[in-house]
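Listed below are the residues making up each chain.
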Amino acid sequence: MSSPPEHSGPQGEKASSADLPIQESVPEDGEKQETSQDANESTSTHSSAEKRKFARLQENACARWFWNVVTWTPPICRWDPESPPKFSLGLNMLFAFAGTFTVANLYYNHPILNVLAVDFDVTYERISLIPTVMQAGYAAGLLFLCPLGDIFRRRAFVLSLVFFTATIWLGLCLTKSFSVFVALSFLAAVTTVTPQLMLPLVGDLAPPHRRATALSIVVSGMLGGMLIARLLSGILTQYTSWRSIYWFSFAMQYLIFMLLFCFMPDYPSTNPGGLNYFNMLFSIVKMVFKHPILVQACLVGLCTSTIFTNYWTTLTFLLSSPPYNYSPVTIGLFALVGIGAMCFGPFYSRVIIDRFVPLLSVVLGLTYCLLGTLIGTYIGKHTIAGPIIQAFTIDLGIQTSQIANRSAIFSIEPKARNRINTAYMVSVFCGQLIGTAVGNRLYAEALCVAVVRGPREKGWIGWRGGWSLKRRDLGNKSKEEPAIEQALDEVSAEEKGVVLMEGEKPTAEGTNEEMKEENPEQIMAASSR
């Protein structure tokens, strides 16, 4: 192994060998050399440790091959600061497609649990472990993997997770052991969080006046995956075998991997300097106490998600009982009603959410859900029109409120959007877990939380700042800059010791003069570094 490059000191002289934190060459007798490290050389220590870890990774042929595959970028997808890849409708649709059939992995087993129980020869109580562990794995991925999107380059990170999910899924298609099936289901669910990495990326790339529309396309795909999974799984299992839907999902995962590999641009990290993992997780808690709008969105998301889970969980019992007595296939076709509402979402987002403050869309979405629940509750036992109307209004209301909430929270802390999305999705996930038990009881609280704080209120409660529903943050659309470039500009400025105001771009000319005139202490600190 070649010797490491020489380090430079603050004044430009080459560092002596004693200053190097560790010698990477290995003696012939195999013994490791002892190292001495000064307390003030922590940065060099971390850099050397990362080099050693990467060197050990390269020694593993399999790991080196995989790393070369996921990090190699086609020329059309490579990042060029002079001409960055544009966020197009085609890329937006690709993210939506990937979100649809990735989220569907969590729900293929729901309509066929009785079939799985017979095939694995276990009781209904034991077979219920499958959806439980998959939800637990998904929650673990949300909390421990999604925040890493603020550190890593999203392309390599997403491709690694998709490849791992697809490979694990092969075991689910082949195994005949129930214990192995449960364990693999948990592992696959942990990495089935790639759509939650794509949503903050869409928030980074889409311009503010089209952010809600772009988000709605991806969210529509994710919510559609929940319904399509139940529909396809029921039909394929009834006419073939339950393994058919799992082989279908296996093929879709590798198709998603190939499409993302060929067309997903390699966007840079929003925090290229890196973050401490545990401090990053703790920062999620600090953000909740720092931003009132995030707390409001999380509480609304928690309360409203209960009604979605409550409806689709109890619908089967209603339609399979008198006076309907529908077959499982007919009940599965009700998913088409929800899919229709989700297809309507992007058009609604462009007309309403992109033009008015997000709070208006949140309140409207809650109102749609409330009307649908009232109609379905009072006429659902007498005519099939009740469940149909309720399915359409609930899906439309949940979708519009979620898109509006994300559009609002993605406007805070551009370099921490993955952590912000994690906080929001954890609250939504908790709402889904308690939806079956309490469901509609929390719905009134959601409407109260939405109206207790106005769209321009800076504090926790109130309507200060005006009652106007028109957005004031759009400005001149021709001068808008993608959020990811704003974040990179802030990073570049911080490295140079410049403090940028919101919307200000660093310039090569005049920067040093401004620093000398306005903040001489920062230029002295930058020179010492």
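How each quantity is defined
Residues numbered from 1 in each chain as written. Predicted model: local features only at pLDDT ≥ 70, side-chain atom pairs only at ≥ 80, totals over all residues. Heavy atoms only, no water. Salt bridge = Lys/Arg side-chain N within 4 Å of Asp/Glu carboxyl O. Helix = DSSP H or I, 4+ residues; strand = E, 2+ residues; numbered from the N terminus. Expected span 1.5 Å × (residues − 1). Buried < 20%, exposed > 50% of the residue type's maximum accessible area, 1.4 Å probe, protein only. Arc of directions from axis to C-beta. pLDDT = per-residue confidence, 0-100. Contact = heavy atoms within 4.5 Å. Axes fitted to C-alpha atoms, helices over the stretch in contact; angles between N-to-C directions. Parallel < 35°, antiparallel > 145°, perpendicular 65-115°, else oblique. Left-handed = near helix turned anticlockwise from the far one by under 90°. Nonpolar A, V, L, I, M, F, W, Y, C, P; charged D, E, K, R; others polar. Core = buried A, V, L, I, M, F, W, Y, C linked by side-chain atoms within 4.5 Å. Polar contact = N/O pair within 3.5 Å; in protein donor to acceptor, adjacent residues only side chain to side chain. Disulfide = S-S within 2.5 Å. Patch = residues over 30% accessible without salt bridge, like charges linked within 9 Å, V, L, I, M, F, W, Y side chains within 5 Å. Areas by Shrake-Rupley, 256 points an atom, 1.4 Å probe, with all protein chains shown as cover.

Before going further, it helps to spend a moment on the pattern of salt bridges. Taken as a whole, this structure holds six salt bridges when the rule is applied. In this structure, E413 and K290 form a salt bridge, with 3.5 Å as the shortest nitrogen-oxygen distance. Of this pair, E413 sits in the loop between helix 17 (385-409) and helix 18 (417-438) while K290 sits in helix 12 (residues 277-290), and the two are 123 residues apart along the sequence. Through salt bridges with shared partners, one network takes in R154, D204 and R417.

Here helix 16 (residues 358-379) is 22 residues long and its end C-alpha atoms lie 32 Å apart, about the 32 Å a rise of 1.5 Å per residue gives. If you check which residues of helix 16 are buried, you get L359, S361, V362, G365, L366, C369, G372, T373 and G376. Each buried residue of helix 16 sits inside an arc of 165° when the element is viewed along its axis, so together they form one side.

Looking at the chain as a whole, the pLDDT averages 77, with 72% of positions reaching at least 70. Residue range residues 1-46 is modelled with pLDDT below 50. Its contacts to residues more than four positions away, or to other chains, number 29 contacts. Below a pLDDT of 50 lies the segment residues 476-481, which in the model reaches eight contacts outside its immediate sequence neighbourhood of four places, other chains included.

Next up on the list: unusual backbone geometry. The phi torsion at D121 lies on the positive side, around 60°, for a residue other than glycine. If you trace the backbone, D121 turns up in the loop between helix 4 (113-120) and helix 5 (124-127). Here the phi dihedral of N325 falls at roughly 55°; this positive angle occurs in a residue that is not glycine. Within the element layout of this structure, N325 appears in the loop between helix 13 (292-319) and helix 14 (328-332).

The subject of this paragraph is the packing of helix 10 (residues 211-239) against helix 11 (residues 242-263). Packed helices, taken two at a time, are described by the angle between their axes plus the distance between the axes. The geometry of helix 10 relative to helix 11 is characterised by a closest axis approach of 7 Å and an angle of 135° between their N-to-C directions. The pairing of helix 10 with helix 11 is recorded here as oblique in orientation. Both helix 10 and helix 11 take part in a crossing whose hand is right-handed. Contact with helix 10, carried on its side by L232, S233, L236 and T237, involves W242, I245 and F248 of helix 11 and no other residues of that element. Grouping the amino acids of the contact of helix 10 with helix 11 by side-chain chemistry returns five nonpolar, two polar and no charged.

With that settled, the discussion passes to the packing of helix 7 (residues 154-174) against helix 9 (residues 194-205). Two elements in contact, helix 7 and helix 9, have axes separated by 10 Å at closest approach and are oriented at 160°. The orientation of helix 7 with respect to helix 9, classified from their angle, is roughly antiparallel. For the pair helix 7 and helix 9, the sense of crossing is left-handed. Contacts from R154, F157, V158, L161 and V162 in helix 7 reach T194, L197, M198, L201 and D204 in helix 9.

Let's shift gears to the nonpolar core. The biggest cluster of nonpolar side chains holds 114 residues, and the ones touching the most others in it are F95, W169, Y246, L260, L294 and W312. Ranked by the residues each element gives to this core, the list is headed by helix 10, at eleven residues. Beyond its immediate stretch of four places on either side in the chain, L260 contacts L94, F95, R155, V158, L159, V162 and M198.

Quick look at the side chain of T191 now. Within the secondary structure layout, T191 lies in the loop between helix 8 (178-190) and helix 9. When its relative accessible area of 6% is taken as the criterion, T191 is described as buried. Here A188 takes part through its backbone oxygen, which lies 3.3 Å from a polar atom of the side chain of T191. Setting aside chain neighbours within four positions, we find T191 in contact with L145, L161, F164 and T165.

Simply put, disulfide is the name for a covalent bond between the sulfur atoms of two cysteines. The final tally for this structure, using the stated rule, is zero disulfides. Of the cysteine sulfurs around C262, a residue in no disulfide, the closest is that of C77, at 7.6 Å.

So, about the environment of L172. Its location among the elements puts L172 in helix 7. Residues L172 and A188, 16 residues apart in the sequence, show an inter-C-alpha distance of 9.2 Å. Discounting chain neighbours no more than four positions away, the residues touching L172 are F181, L184, S185, W242, R243 and Y246.

This part takes up a nonpolar patch on the surface. Taken together, the side chains of L370, L371, L374, I375, Y378, I379 and I389 make up a nonpolar region of the molecular surface, amounting to roughly 600 Å² of accessible area. Considering every element that reaches the nonpolar patch, the biggest residue donor is helix 16, with six residues. In this structure, I389 sits in helix 17. Judged by its relative accessible area of 34%, I389 is partly exposed.

A few words now on helix 8. Between its first and last C-alpha atoms helix 8 spans 19 Å; for 13 residues at 1.5 Å apiece the expected length is 18 Å, and the two agree. For helix 8, the complete set of buried residues consists of F178, F181, V182, L184, S185, A188, A189 and V190.

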